[in-house]
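# Architecture and fold: a report
The lines below spell out each chain.
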Amino acid sequence: MDDNKVLTLVSNERIPLTPAMRLLFEVSNLRNATPATVSRGGVLFINETDVGWKPYMDSWIERSADKNKKFDENDPTARPPIDDIPKSVFYRCFQSYIEGNTEISRFNHICPVVDIMMVMTICSILDALLQKWGNDLKNLKEEDQKIAYEAFFVYAAMWAFGGSLGGGQDDEADFKAFNTMWRAASKVVKFPEGNNLCFDYYYDPTKMQWIHWQQEVQTYVPADEVIFSKIMVHTFNTVRLKTLLKMHVQRRKPIMFIGSAGTGKTTVFRDFLGETQRNECEYSVINFNSYTTSLSLQKNIESRVEKKSGRRFGLGMNKVLISVSYTH
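Along every chain, residues carry numbers that run from 1 in the direction the sequence is written. In keeping with the predicted nature of the model, local features appear solely for residues at pLDDT of at least 70, side-chain atom pairs appear and are counted solely at 80 or more, and the whole-chain, interface and lining totals rest on all residues. Only heavy atoms go into the side-chain values, all of them from the structure, while hydrogens and water stay out.

## Topic: the overall build of the chain
Test applied: Under the DSSP-based scheme used, a helix requires at least four consecutive residues in state H or I and a strand at least two consecutive residues in state E, with every element numbered from the N terminus. Any residue under 20% of the maximum accessible area for its type is buried, any over 50% is exposed, and the rest in between are partly exposed; the area is computed with a 1.4 Å probe on protein chains only. In this analysis, two residues are considered to be in contact whenever any of their non-hydrogen atoms come within 4.5 Å of each other. Working definition of accessibility: Shrake-Rupley area with a 1.4 Å probe, residue cover restricted to the visible protein chains. Here Asp and Glu are counted as negative and Lys and Arg as positive; His is not counted, and neither are the chain ends. By convention, charge coordinates are those of NZ in Lys, CZ in Arg, CG in Asp, or CD in Glu.
Tallying secondary structure elements over the chain gives ten helices and eight strands in all. In terms of its C-alpha atoms, the chain occupies a principal-axis envelope of roughly 70 × 55 × 50 Å. Taken across its 328 residues, the chain has 33% of its residues classed as buried. Long-range pairs, those at least 24 residues apart, make up 61% of the contacts in the chain between residues at least 6 apart in sequence. Carbon and sulfur atoms form 52% of the exposed surface of the chain, whose accessible area is close to 21,900 Å². Charge separation in the chain, taken as the distance between the mean sites of 40 positive and 39 negative side-chain charges, equals 5 Å.

Right, dumping it as structure tokens:
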């Protein structure tokens, strides 16, 4: 960019900017910016703590852009409506469970996480739960609705803040410490007593109580002819992980499983993908290693999509692409 407002690209293409045109760059740092670029453009530094996660929370709860839209239950990307009852409950829950809980940020995580990312995860899980149970909750009494909505928030926040625990000297101790803290924080919707962790339960609004994931495990029925390496015997751990995976895929949200070798990440993904309908979903499994090149990755992705026009590629009608990457 020079003083004449002419943008020169790497390909030597020159684009003149008219008085009505503005360029806005959103970058994480200025390491690769030249002094000329910095001096000619206004630089605005936005700190994470200055903005925080509250603006995102407010926009998610208010949903001003969706008020005039009719909610389509068959559209997985549509955001379920939030009326006055869940709005008041969610506002209170964000203040009491997240903002007012100083203990929630003291735990170790297996990968770097930020508050806004965990709040976005809460909203994504709540959207999936509201899309599934929204109509049933409206038939309950007002007090029961408030309890169910708060239980949904407790479940979503539990996985958003506790799902990535680990990376310390004793991961089991971290989970137990989080379990003790989260049980104490859940005063309105209490977990069942016992030695089980809070992660072992989900809330059923039809029964108005926490249900152990073990009750969702189906009895294994061996097939007549099956390859031994493809045998999958479900436990309550795999069932709850598949449920979270299904929620994120339905909401078109990314999800990442982290764990050491042999913890079942690949098995859970492959079992989930094996149950998808190929006329609605197309998936690609890509293994990254030291021999992976950008060309091979591009060809792998292009083999799953169709050419639309020019350089535009996309999926077939009413299909969604799931890309699973394994890094070793």
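## Quick look at the packing of helix α4 (residues 84–99) against helix α6 (residues 142–162)
The criterion, for reference: To obtain an axis, a line is fitted to C-alpha atoms, over the contacting stretch when the element is a helix, and the angle between two such axes runs from 0 to 180 degrees between their N-to-C directions. Roughly parallel refers to an angle under 35 degrees, roughly antiparallel to one over 145, roughly perpendicular to one between 65 and 115, and oblique to any angle outside these ranges. In this scheme the crossing of two helices becomes right-handed for a clockwise turn of the near helix relative to the far one and left-handed for an anticlockwise turn of less than a right angle. All amino acids are sorted into three groups, where Ala, Val, Leu, Ile, Met, Phe, Trp, Tyr, Cys and Pro are nonpolar, Asp, Glu, Lys and Arg are charged, and the leftover types, Gly among them, are polar.
It is the contact of α4 with α6, at a shortest axis distance of 9 Å, that shows an interaxial angle of 40 degrees. If you check the angle between α4 and α6, you find them oblique. The hand of the α4/α6 crossing is right-handed. On α6, the residues that touch Ile85, Pro86, Val89, Phe90, Arg92, Cys93, Phe94, Tyr97 and Ile98 of α4 are Glu142, Gln145, Lys146, Tyr149, Glu150, Phe153, Val154, Ala157 and Phe161. The residue inventory of the contact of α4 with α6, partitioned by class, reads 13 nonpolar, one polar and four charged.

## Re the packing of helix α5 (residues 115–138) against α6
Between α5 and α6, whose axes approach to 9 Å, the crossing angle comes to 150 degrees. Judged by the inter-axis angle, α5 sits roughly antiparallel to α6. As for the relative orientation of α5 and α6, their crossing is right-handed in sense. Touching Met118, Thr121, Ile122, Ile125, Leu126, Leu129, Leu130, Trp133, Leu137 and Lys138 of α5 are Gln145, Ala148, Tyr149, Phe152, Phe153, Tyr155, Ala156, Ala157, Trp159, Ala160 and Phe161, all from α6. Among the residues making up the contact of α5 with α6, the classes are represented as 18 nonpolar, two polar and one charged.

## Thoughts on a nonpolar patch on the surface
What counts here: Like charges within 9 Å and nonpolar side chains (Val, Leu, Ile, Met, Phe, Trp, Tyr) within 5 Å are joined into patches, using only residues over 30% in relative accessible area that form no salt bridge. We define a salt bridge as a contact between a side-chain nitrogen of Lys or Arg and a carboxyl oxygen of Asp or Glu at a distance within 4 Å.
On the surface, Leu23, Phe25, Val27, Leu30, Val38 and Val43 cluster together to form a nonpolar patch covering roughly 570 Å² of accessible area. Of note, leucine 23 is situated in the loop between β2 (14–16) and α1 (35–40). Residue class for leucine 23 comes out partly exposed when judged on its relative accessible area of 42%.

## Considerations on the packing of aromatic side chains
Which entries qualify depends on this criterion: Stacked, tilted and edge-to-face pairs are distinguished by plane angle, under 30 degrees for stacked and over 60 for edge-to-face with tilted covering the rest, among Phe, Tyr and Trp rings (Trp via its six-membered ring) whose centres lie within 6.5 Å.
Counted by the stated rule, this structure contains 17 aromatic pairs. Ring geometry for phenylalanine 90 and tyrosine 149: centres 5.9 Å apart, planes at 75 degrees, overall edge-to-face. Residue phenylalanine 90 is located in helix α4, and its partner tyrosine 149 is located in helix α6; the two are separated by 59 residues in the primary sequence. Residue phenylalanine 90 shares its accessibility class with tyrosine 149, and that shared class is buried. Note on phenylalanine 257 and phenylalanine 269: the rings are 4.9 Å apart at their centroids and 50 degrees apart in plane angle, and the pair reads as tilted. In this pair, phenylalanine 257 is assigned in the loop between α8 (236–250) and α9 (265–274) and phenylalanine 269 in helix α9, connecting sequence segments twelve residues apart. Note on accessibility: phenylalanine 257 and phenylalanine 269 belong to one class, buried.

## What to know about the pairing of strand β4 (residues 209–212)
Both faces of the sheet carry side chains from a regular strand, because those side chains alternate between them. Our working definition: Pairing between two strands requires that DSSP report at least two bridges joining them.
Here four bridges tie strand β3 (residues 201–204) to β4, and the two strands are oriented antiparallel to one another. Bridging across to β4, aspartate 204 finds its partner in glutamine 209. Connecting β3 to the antiparallel partner β4 that follows it, the hairpin turn spans four residues, and methionine 208 within it adopts a positive phi of roughly 55 degrees.

## A word on the environment of serine 59
Within the secondary structure layout, serine 59 lies in helix α3 (residues 54–62). Overall, serine 59 belongs to the partly exposed group, its relative accessible area being 41%.

## Regarding the nonpolar core
Threshold: In this description, a nonpolar core means a group of buried Ala, Val, Leu, Ile, Met, Phe, Trp, Tyr and Cys residues linked to one another through side-chain atoms lying within 4.5 Å.
In this structure, Phe94, Ile98, Ile122, Phe153, Tyr155, Phe178 and Trp182 are the most contacted members of the largest nonpolar core, which totals 56 residues. Elements represented by at least two residues in this core include exactly α3, α4, α5, α6, α7 (171–185), β3, β4 and α8. Among the elements that make up this core, the one with the highest residue count is α6 (13 residues). With residues up to four places along the chain from it excluded, the contact list for tryptophan 182 reads Tyr97, Asn101, Ile104, Val154, Ala157, Met158, Phe191 and Cys198. Core analysis: the second largest hydrophobic core is formed by seven residues, Val249, Val268, Phe269 and Leu273 among them.

## Concerning the environment of histidine 109
With respect to the helices and strands, histidine 109 occurs in the loop between α4 and α5. Expressed as a C-alpha distance, the spacing of histidine 109 and threonine 276, which sit 167 residues apart in the sequence, is 31 Å. Non-local contacts of histidine 109, meaning those with residues more than four positions away in its chain, are made with Met118, Phe161, Ser164, Leu165 and Gly166.

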